[in-house]
Protein chains: 2
Amino acid sequence: MATLQDIGVSALINLFGAFLFLIAFAVLRIQPINDRVYFPKWYLTGERNSPRRSDRTLVGKFVNLNYKTYFTFLNWMPQAMKMSESEIIRHAGLDSAIFLRIYTLGLKIFAPVMVLALVVLVPVNVSSGTLFFLKKELVVSNIDKLSISNVQPKSSKFFFHIAVEYIFTFWACFMLYREYNNVAIMRLQYLASQRRRPEQFTVVVRNVPDMPGHSVPDTVDQFFKTNHPEHYLCHQAVYNANTYAKLVKQRAKLQRWFDYYVLKHQRNPHKQPTCRTGFLGLWGKRVDSIEYYKQQIKEFDHNMSLERQKVLKDSKLMLPVAFVSFDSRWGAAVCAQTQQSKNPTLWLTSSAPEPRDIYWQNLAIPFISLTIRKLVIGVSVFALVFFYMIPIAFVQSLANLEGLDRVAPFLRPVTRLDFIKSFLQGFLPGLALKIFLWILPTVLLIMSKIEGYIAISTLERRAAAKYYYFMLVNVFLGSIIAGTAFQQLNSFLHQSPSQIPRTIGVSIPMKATFFITYIMVDGWAGIAGEILRLKPLVIFHLKNMFIVKTEEDRVRAMDPGFVDFKETIPSLQLYFLLGIVYTAVTPILLPFILIFFAFAYLVYRHQVRFHTQSPVVSNSPLNFGFSWFTMQIINVYNQQYESCGAFWPHVHGRIIASLLISQLLLMGLLASKKAADSTPLLIILPILTLSFHKYCKHRFEPAFRQYPLEEAMAKDKLEKETEPELNMKADLADAYLHPIFHSFEKEVELSSSSSSEKEDTTHQEETPEVRVDKHETQSSSPVTELGTPSHHHHVYNSTSPASHYASAYEQSSSQYEYHYNTHQYEEHEYRYN
Amino acid sequence: MATLQDIGVSALINLFGAFLFLIAFAVLRIQPINDRVYFPKWYLTGERNSPRRSDRTLVGKFVNLNYKTYFTFLNWMPQAMKMSESEIIRHAGLDSAIFLRIYTLGLKIFAPVMVLALVVLVPVNVSSGTLFFLKKELVVSNIDKLSISNVQPKSSKFFFHIAVEYIFTFWACFMLYREYNNVAIMRLQYLASQRRRPEQFTVVVRNVPDMPGHSVPDTVDQFFKTNHPEHYLCHQAVYNANTYAKLVKQRAKLQRWFDYYVLKHQRNPHKQPTCRTGFLGLWGKRVDSIEYYKQQIKEFDHNMSLERQKVLKDSKLMLPVAFVSFDSRWGAAVCAQTQQSKNPTLWLTSSAPEPRDIYWQNLAIPFISLTIRKLVIGVSVFALVFFYMIPIAFVQSLANLEGLDRVAPFLRPVTRLDFIKSFLQGFLPGLALKIFLWILPTVLLIMSKIEGYIAISTLERRAAAKYYYFMLVNVFLGSIIAGTAFQQLNSFLHQSPSQIPRTIGVSIPMKATFFITYIMVDGWAGIAGEILRLKPLVIFHLKNMFIVKTEEDRVRAMDPGFVDFKETIPSLQLYFLLGIVYTAVTPILLPFILIFFAFAYLVYRHQVRFHTQSPVVSNSPLNFGFSWFTMQIINVYNQQYESCGAFWPHVHGRIIASLLISQLLLMGLLASKKAADSTPLLIILPILTLSFHKYCKHRFEPAFRQYPLEEAMAKDKLEKETEPELNMKADLADAYLHPIFHSFEKEVELSSSSSSEKEDTTHQEETPEVRVDKHETQSSSPVTELGTPSHHHHVYNSTSPASHYASAYEQSSSQYEYHYNTHQYEEHEYRYN
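Small disclaimer: the values here were computed from a predicted structure and weren't measured. (Residues numbered from 1 in each chain as written. Chains lettered and ligands numbered in written order. Predicted model: local features only at pLDDT ≥ 70, side-chain atom pairs only at ≥ 80, totals over all residues. Heavy atoms only, no water.)

Engineer: Got a minute to help me understand unusual backbone geometry in this structure?
Structural biologist: Phi is mostly negative for residues that are not glycine, and the peptide bonds are mostly trans. In this structure, Asn207(A) is a non-glycine residue whose phi angle is positive, near 55°. Tracing the chain through its elements places Asn207(A) in the loop between strand E1 (202-206) and helix H10 (216-227). The phi angle at Trp347(B) is positive, at roughly 50°, despite the residue not being glycine. Turning to its location among the elements, Trp347(B) is positioned in the loop between helix H13 (329-337) and strand E6 (348-351). (Helix = DSSP H or I, 4+ residues; strand = E, 2+ residues; numbered from the N terminus.)

Here it is as structure tokens:
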């Protein structure tokens, strides 16, 4: 076991490692070759077309030779701290600002408690000294001397631990309450200051009943004209465009090949590029590439045009779903929150997500299928969490040396070398596990998709929840109790319920050393890796080497990814859990948690600042347009939508769950220490914590689920006063058209109106920047005139919503600490009368 | 242990006992002296003033001498079956009709399964014959030979049991689905056919924020004019009249004494009645009673007038609650289902209960207090369920012979007699338990009141839920596993979760005999007792002997109680549980359950029919007016409100829970029989059952919680067409005034406008019947003109809502099997265009 010195050395090594990472970052970021990795936003927004070059030599194209820039490598730290919260909201959206608050919440909860625990508990633990006597029998680490293990059984000193647990719980609840309140206010303020956006007026209606003799649009129109006569405006039908979307994707691929060959031809006009028509271009007839792809694209366009006719005409491909728009926010809020039909499985209404937040594929799922899907996925997640080791063990049993020999016998001379043999034997099983863990978030996201949620933000939150369960069982419990999760489950099923917290509780102090190491390796180094953007760096250079053919491909290879909420938030929640559980048990763990939170806060602040230096930030149409099909799965959270902190209730709930777990485990631990008198004292805490949670749920959660009528009405009135004559219908007309149809219109238009040769050039020259400018100058107009799928962003987000917000935000900054006391309420209430 | 013969004999005895009860009923009901017990409704509605007398002799006043009537004593049986469901709805309301469906559901679920189980399982069990070999060691009853205990461990015959459990589960779910569907349709049809009633247009708003400088009514008016400008009509403030209500109660008491003495004086004009002014009239100065009470009433009226001024003027006594009325059902439905304020703890809206359903005392509870109350009551119910034996054991330890000796030493010679001693020792502890069980429902109802629900119907449903938990733990589990619930809890905490179903499962077949006896004694005899109305009979005669002074008192002593849902439904659910659990284990129990359901169905049908023979039934204003304070706690379910079957989701949910329990226990039982292969087969069932439940919850429960906008709009339109000009505001003006103020107005008016002598006569003559007539002739008018608290019933219910319904119901009887298929939907949809 590790002694205190070992931990110290390890901490130093890790800090040094983190420092090295930072230096590496400082060096790498100013190399032109990495420009697209560290400044992707600049390219996306068109402020940069090619890497900055320090000079024009060949070396200078890849390596930065300007030595002065190397000395400013820590500049970003003070810069990161300079930004105020309102600036962060303006630049990176509310989600990012609220995400950063998780870190400050961690600091606020743990910093005072750390002081208390170190001052009170460590002396109590050290002075007890049971373990000194046991030393000869057990190998005891120094860390354990500082922990609760050191206190004799039946000692009355345990009341210090109980007292600390009490104080900690109350403090944590107090901070949680304050933070929930702040976040709820920030959210409502943000919503109140947003300018007109289609989702405010729109409701998504699912399970429109099928009425013989009436088409879906007729039915919808009829229903809402009858039941919401005063506010119903119009609606947008939804087409099942999944087949069509595949065609679009294939066409885009052909287009890229075509562009590539055209470019190749331009660079070397003497040589006509050729290719083979067979599989992967490896065999088949050799043809002129440009002609071949032009022909192919033409055919494709014809097929797509047919398919499009089919989609729009065939009533079977019209889904029983519609986006219904109202003439006021009030009308939309009413429709979203009420039950429409007496059959509660028909006409299901809910607030529409932002257009770019919609996961179109899931709109078609009927109600009864949803129940079954949720059941199947529930069972699968349970199986995944508890039995995940089974397939991995199977793969590992294959991925050994014998397996390798069988597959690749020519490697036998190499693998017979002793050191390579041992390396492989240690490496291959680990690799199988790593690959599994690496694809896990994606698997979980796919599972969430199967569950049938229609908003990408919901999908990601559900995936995050699943990931948290996985980590709770496999990282937290799995580390404390040796053995696979399945073995744990089995042993728990055969233990009495009162025995389980005891079993876990006893092991907890012993694992403190392990978790300290975990925090340093996974937490500290992970954060340093985040600033280095190691994964995008490697992937970009790999892609650049093997895949990238045209400039457009290079744009696609750039990964402008922001924080991957669905992986980061569960990890954060795990750190909260560790801190909360060990506060009363081994308080020496707290400083490590605290350093993690502080460091991570700094780094993410930088990332927020850094990735958002250009004014058009969170909803760059290009990113959205180009990466619709490929990137939406990978980390584009901040790019794709603004959920206004919808994840906060989950964060809050899981910290509460951590508190409950810590209380239970402390109860088990103390029971095993025969401090039985403490159980009645400790049993009150979970009850109080649960009722606190229930209260918070009542008090704050509706703000994250429903739009209050008071707010809607106030906003409507204000708008009516400022803009008395506006044509809502035109604005809302095709805000919720499937993006695929926008892009289709472009293709058809171009291929029909211009000669094919001219079209090629257009396509070739149409670099991202140009497209953006085109939109900026075009007036907003219905489908037929528009170019790219990002059109509907453009209509409402020509300046980003975050920046709309910012001005209102600053104006109302005096009202920022806005609480629901009656006086301010009154002011708010009568302002609009 | 009981043999099959014993059970048979016991069954015969019980059947004979039930038959005796029926004969006793037939004899007792036609005795004039019991007239008010068996025909209470006739008195309440004014069709009878005094008992029917067969002749005018003194004996004839108490005993029926007309021998012919004795021969028709089983007449009621065919009569009870004659009534159609629509007639039941018309006569006794929807709640009663749906209540009867619980019994038919029991018959439908168990009858076919009984046949299956008896044909398949009994032969399988008998043919196995393990127990024959064991007979010498164990005392085995014949019943056990028919049960699963008789099958050898590891036998493959267990697959028959598993198959029966599967078939049973699917059949039960199918029936549950059909029934839920029917009940939901009945409910919606009933609501659709109801005539205009204040609750359709009204929303109760709680937690109105306190705004300095504005009174509550101003605030409410302001808020709803702003946020529901199109539909808001008016509102009714709520006063904290709890103190005032006490005064009214005291005054009524004085009034009764006064009436009593006046009556006494009239009968015997020569003797001036006197009484003493001291405690209970036992000592103090002797005064003239009539004068004394007249004086007292005068003083009281003065005080009450002051108090009333205080209540109406003092803004502190104005509660932050209001009944807000809208000009359409649509507006009210929207307001009830949406979130109003951005602080979700303010402006809490929900559909208003019927005026007579409101539990006024709870309207004042603030939001934060609700959370705490729920927590406290939750803990208390848990304690009550699991630790209820502790106080009883304590009381029992006091209520023994030594205690009795100490309290009443003069009884010592008697108690020393051996047979009395043994009787007392056996009797007293049992009595303590009986008293506890007798007051338990009332205790649970009080607990529910503390929880803060504002509708009496909700209160009773919550009390029923608590009673069910109590019975589940203490009757079901408590009988299966010997020992108190606390001991069970303790042993469960120290057992592994997989062990618990096994422990219980093993004991289940052994307890079949006990439960058969239980069904016969508690079920069959209980039902026979219900028809005899034993409790009301005894109570009425006791009251008549000791308390009743005036005619009015006699009316009060009558207990027109109908089914006590909060006790009956949990008991029923227990029978469902028994039947479901024993289907696969000891199918011989099923016939007993079936007889119970059939017999109970017959009896309750009779009760429904019998207690509601007069046209004005379920909402007699008198019953409501007179018994407001005293009767609302005791069984007046059907009298007080019409919940339109709001209890059905609970019935459904608990039958599902019973299915789950049976599946778990069968799993445990089979595991103990080492039929381990069966576990994977059986583990699928609970998952399927749970998802079925979830589906039903989604599909049907909203119909019981929210009023769909489609329905509201259709009803509004229809009404606008039929009655284009109606003054809603006048109708709604004081529908939701606290009933106490209506009655107050009466008192004040009378005491101020007429001489006190005249007033006395009025009061005296104002028998229930007269009052009803008075209302019938009066026009509906605001508070100041009205007489009794029942005024607002009168306004909307001058003919009972059930009878409004009936005509609509019969008109639409062809549409009765109305399903949500699209064709009919269409018809419904376009009818109003």
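Engineer: Can you walk me through the pattern of salt bridges in this structure?
Structural biologist: Side-chain pairs of opposite charge can arise where the charged atoms are in close proximity. All names here are of chain A. A full pass over the atoms with the stated rule returns 24 salt bridges over all chains. Here Glu354 and Arg197 are joined by a salt bridge, their closest N and O atoms 2.6 Å apart. Placement of the pair is Glu354 in the loop between strand E6 (348-351) and helix H14 (367-387) and Arg197 in the loop between helix H8 (158-193) and helix H9 (198-201), with a sequence separation of 157 residues. By relative accessible area, which is 6% here, Glu354 ends up buried. Through salt bridges that share partners, Arg101, Lys108 and Glu179 make up one connected network. (Salt bridge = Lys/Arg side-chain N within 4 Å of Asp/Glu carboxyl O. Buried < 20%, exposed > 50% of the residue type's maximum accessible area, 1.4 Å probe, protein only.)

Engineer: What is the right way to look at a nonpolar patch on the surface in this model?
Structural biologist: Residue and element names in this part refer to chain A. The grouping of Leu431, Ile435, Trp438, Ile439 and Val443 at the surface amounts to a nonpolar patch, some 440 Å² of accessible area in total. If you trace the backbone, Leu431 turns up in helix H18 (residues 418-451). Using a relative accessible area of 34% as the deciding quantity, one classes Leu431 as partly exposed. (Patch = residues over 30% accessible without salt bridge, like charges linked within 9 Å, V, L, I, M, F, W, Y side chains within 5 Å. Areas by Shrake-Rupley, 256 points an atom, 1.4 Å probe, with all protein chains shown as cover.)

Engineer: What am I meant to see in the packing of helix H21 (residues 499-507) of chain B against helix H29 (residues 648-672) of chain B here?
Structural biologist: When two helices pack together, their arrangement is given by the angle between the helix axes and the distance between those axes. Residues and elements named next belong to chain B. For the pair H21 and H29, interaxial distance at closest approach is 7 Å and the crossing angle is 85°. In this view, H21 runs roughly perpendicular relative to H29, as classed from their interaxial angle. Residue-level inspection shows Pro501, Arg502, Ile504, Gly505 and Val506 of H21 in contact with H29, the latter providing Leu664, Leu665, Gly668, Leu669, Ala671 and Ser672. Class assignment for the residues of the contact of H21 with H29 results in seven nonpolar, three polar and one charged. (Axes fitted to C-alpha atoms, helices over the stretch in contact; angles between N-to-C directions. Parallel < 35°, antiparallel > 145°, perpendicular 65-115°, else oblique. Contact = heavy atoms within 4.5 Å. Nonpolar A, V, L, I, M, F, W, Y, C, P; charged D, E, K, R; others polar.)

Engineer: How do you make sense of a negative patch on the surface when you look at a structure like this?
Structural biologist: Residues Glu230(A), Asp327(A), Glu230(B) and Asp327(B) make up a contiguous surface patch of negative charge. Position of Asp327(B) relative to the elements: it lies in the loop between strand E5 (318-326) and H13. Here Asp327(B) falls in the partly exposed class, since its relative accessible area comes to 35%. (Lys, Arg positive; Asp, Glu negative; His and termini not counted. Charge placed at Lys NZ, Arg CZ, Asp CG, Glu CD.)

Engineer: Could you clarify how one ought to interpret the side chain of Glu165(B) in this entry?
Structural biologist: All names here are of chain B. Secondary-structure assignment places Glu165 in helix H8 (residues 158-193). At 2.9 Å, the side chain of Glu165 forms a polar contact with the side chain of Ser662. For Glu165, the contacting residues outside a window of four places in its chain are Ala584, Ser662, Gln663, Leu666, Leu682 and Leu685. (Polar contact = N/O pair within 3.5 Å; in protein donor to acceptor, adjacent residues only side chain to side chain.)

Engineer: I keep staring at the packing of aromatic side chains and nothing clicks. Help me out?
Structural biologist: Residues and elements named next belong to chain A. Tallied over the entire structure, the rule returns 56 aromatic pairs over all chains. Relative to Phe596, the ring of Tyr575 lies with its centre 4.1 Å away and its plane at 35°, an arrangement referred to as tilted. Of the two residues, Tyr575 sits in helix H25 (residues 565-583) while Phe596 sits in helix H26 (residues 590-610), which places them 21 residues apart along the sequence. Assigned by exposure class, Tyr575 and Phe596 land together as buried. (Phe/Tyr/Trp six-rings, centres within 6.5 Å; stacked < 30°, edge-to-face > 60°.)

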